[in-house]
Amino acid sequence: MHVAVTAVGADRPGIAAAVSKVLYEHGGNVEDSRMAILGGNFAMMLIVALPASADAASLERALSGPAEAFDLIVAVRPVAEASPEHAEGTNYVVTVYGADKPGIVYRVCSTLASHRVNVTDLATRIVGEERPVYVMILEATVPAGADAAEVEADLKALSAELSVDVAFHPLEEETL
Amino acid sequence: MGAREVLRYPHATLKTAAADVEPGPAAEQLARDLVDTMRASPACVGIAAPQIGVSARAFCIDVSGHRRAKTNHGLVVMINPVVVKRDGRDVMREGCMSLPDLTANVGRAERVTVEGSSPQGERLTIEAEGFEARAFQHEIDHLAGLLFLDRVSSLTADVFPRKRYDR
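Conventions and cut-offs
Residues numbered from 1 in each chain as written. Chains lettered and ligands numbered in written order. Predicted model: local features only at pLDDT ≥ 70, side-chain atom pairs only at ≥ 80, totals over all residues. Heavy atoms only, no water. Salt bridge = Lys/Arg side-chain N within 4 Å of Asp/Glu carboxyl O. Helix = DSSP H or I, 4+ residues; strand = E, 2+ residues; numbered from the N terminus. Buried < 20%, exposed > 50% of the residue type's maximum accessible area, 1.4 Å probe, protein only. Polar contact = N/O pair within 3.5 Å; in protein donor to acceptor, adjacent residues only side chain to side chain. Contact = heavy atoms within 4.5 Å. Arc of directions from axis to C-beta. Pairing = 2+ DSSP bridges. Axes fitted to C-alpha atoms, helices over the stretch in contact; angles between N-to-C directions. Core = buried A, V, L, I, M, F, W, Y, C linked by side-chain atoms within 4.5 Å. Patch = residues over 30% accessible without salt bridge, like charges linked within 9 Å, V, L, I, M, F, W, Y side chains within 5 Å. Areas by Shrake-Rupley, 256 points an atom, 1.4 Å probe, with all protein chains shown as cover. Phe/Tyr/Trp six-rings, centres within 6.5 Å; stacked < 30°, edge-to-face > 60°.

## Considering the pattern of salt bridges
Scanning all chains against the criterion turns up 20 salt bridges over all chains. Of the charged contacts, one joins Glu172 of chain A and Arg68 of chain B as a salt bridge, the two residues approaching to 2.3 Å between their closest N and O atoms. One end of the pair, Glu172 of chain A, is in the loop between strand E8 (164-170) and strand E9 (173-175); the other, Arg68 of chain B, is in the loop between strand E2 (58-61) and strand E3 (76-87), on a second chain. Taking the relative accessible area as the measure of exposure, Arg68 of chain B reaches 28% and is therefore partly exposed. Through salt bridges with shared partners, a single network forms among Asp90, Glu94, Arg108, Arg134, Asp141 and Arg151 of chain B.

## Brief notes about the side chain of Ser98 of chain B
All names here are of chain B. Positionally, Ser98 belongs in the loop between strand E4 (90-95) and strand E5 (102-108). A distance of 2.8 Å separates a polar side-chain atom of Ser98 from the backbone oxygen of Leu7. Once residues lying within four places of it in the same chain are set aside, the contact partners of Ser98 are Val6, Leu7, Arg8, Tyr9, Leu14 and Gln51.

## Topic: helix H1 (residues 15-25) of chain A
Since there are 3.6 residues in each turn of an α-helix, residues three or four apart along the chain are aligned in direction. All names here are of chain A. By the burial criterion, the buried members of H1 are Ile15, Ala18, Val19, Val22 and Leu23. One side of H1 carries all its buried residues, which in axial view fall inside an arc of 135°. Exposed residues lying more than 90 degrees from the buried face of H1 are Tyr24 and Glu25. Where the residues of H1 are buried, they touch strand E1 (2-10), strand E2 (29-38), strand E3 (41-49), helix H2 (56-62) and helix H3 (64-70). Of the residues flanking the end of H1, it is Gly27, one or two places downstream, whose phi is positive at about 75°.

## Focus on the sheet that holds E3 of chain B
Residues and elements named next belong to chain B. Strand order in the open sheet formed by 5 strands is E1-E2-E3-E6-E7, and the pairing between neighbours is antiparallel. Strands with a single pairing partner mark the edges of an open sheet, and in this sheet they are strand E1 (46-48) and strand E7 (123-129). When the angles between neighbouring strand axes are averaged without regard to direction, this sheet yields 35°. The sheet contacts of helix H1 (residues 25-40) involve E1, E2 and E3, and relative to E2 the element is tilted by about 40°. Where helix H2 (residues 131-143) meets the sheet, its contacts fall on E1, E2, E3, strand E6 (111-117) and E7, and the angle it forms with E2 comes to roughly 155°.

## Overview of the nonpolar core
Formed by 22 residues in total, the largest nonpolar core has its most connected members in Phe59, Met78, Val112, Val114 and Phe136 of chain B. Secondary-structure elements contributing two or more residues to this core are E2, E3, E6, E7 and H2 of chain B. In terms of residues, this core owes the most to one element, H2 of chain B, which gives 6 residues. Contact partners of Phe59 of chain B, with chain neighbours within four places excluded, come to Leu34, Ile47, Ala48, Val76, Val77, Met78, Pro81, Phe136, Glu139, Ile140 and Leu143 of chain B. Membership of the second largest hydrophobic core comes to 21 residues, among which are Val19, Leu23, Ala54 and Leu72 of chain A.

## A look at a nonpolar patch on the surface
Residue and element names in this part refer to chain A. Taken together, the side chains of Tyr97, Val127 and Val133 present a nonpolar region at the surface, about 250 Å² in accessible area. Among the secondary structure elements, Tyr97 is positioned in strand E5 (residues 89-99). The partly exposed category is assigned to Tyr97, whose relative accessible area is 40%.

## Observations concerning the packing of aromatic side chains
All names here are of chain B. Applying the stated criterion across every chain yields a total of 2 aromatic pairs over all chains. On the basis of an interplanar angle of 85° and a centroid distance of 5.8 Å, the ring pair of Phe59 and Phe136 is categorised as edge-to-face. Taken together, the residues span a long stretch of sequence, with Phe59 in strand E2 and Phe136 in helix H2 at a distance of 77 residues. Judged by its relative accessible area of 0%, Phe136 is buried.

If you want it as structure tokens, here you go:
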């Protein structure tokens, strides 16, 4: 079975080691994972394959050791074995940047969702102290049948409304 | 022999530095196999001998008709290539038939001058720019046992599961 493991806490050395030690001792195999410092917190997101004898609840209990030692928020939940198939389409990169304000992620993602555009990768960062600039970069698949020009027009209208800059361009991959 | 099977990582030949090739009939046969294998995959613009299981410093490229090509020398088959000059830098997302499940943002020189010889032994010097220059560098990397994963600096920022792969 596969479980999603998340753990978040104030960054300090040893968190990744302590969490992955418990996963290893439970016979878990870390498959896709991402760990990063977000706003000064160390955030771990992992998809872990567990042996049939293990279960999510007992793994979460076992992680209470590192959770207490490092003051982490930890959750373990079962997830589907295989990711669902997504519709064929064309990949685009959307870059949004401007003065920080609440609602940028929500409005951009809502616009994309209204065209059935599937977000596959998204990251945001606030840069600068006095006049912080908000930067969001995401990748998304425009499904066959959706009109990329309409998506772009709606994003441009949104950028004017939110006073942020938006770039939308196809992601060109070349096989060599 | 025609089109050959394209090896996939972790096949050891892909991570082995290849040996120089003597011009002559054997090199010409290898060249024909490389071109046949490249032509068998419509999206393929280049292939190196280690990818078909031959640890020899030979490759072919052809960026004809490619929308991003700045220079285009048509079909180029080269043995024992050396990049003698490189300048500029450009980042583009690359895929490789030997790593079919990944793509990555790879920084490479924008312009290169490559010296080598034809399979018959004729000296070749080619100046390439843009996509063709990238193709030369990608194939010449294969001859040194290097894959595009050896050229990226960040797994999270630069390496992506391939969402769609057109063979």
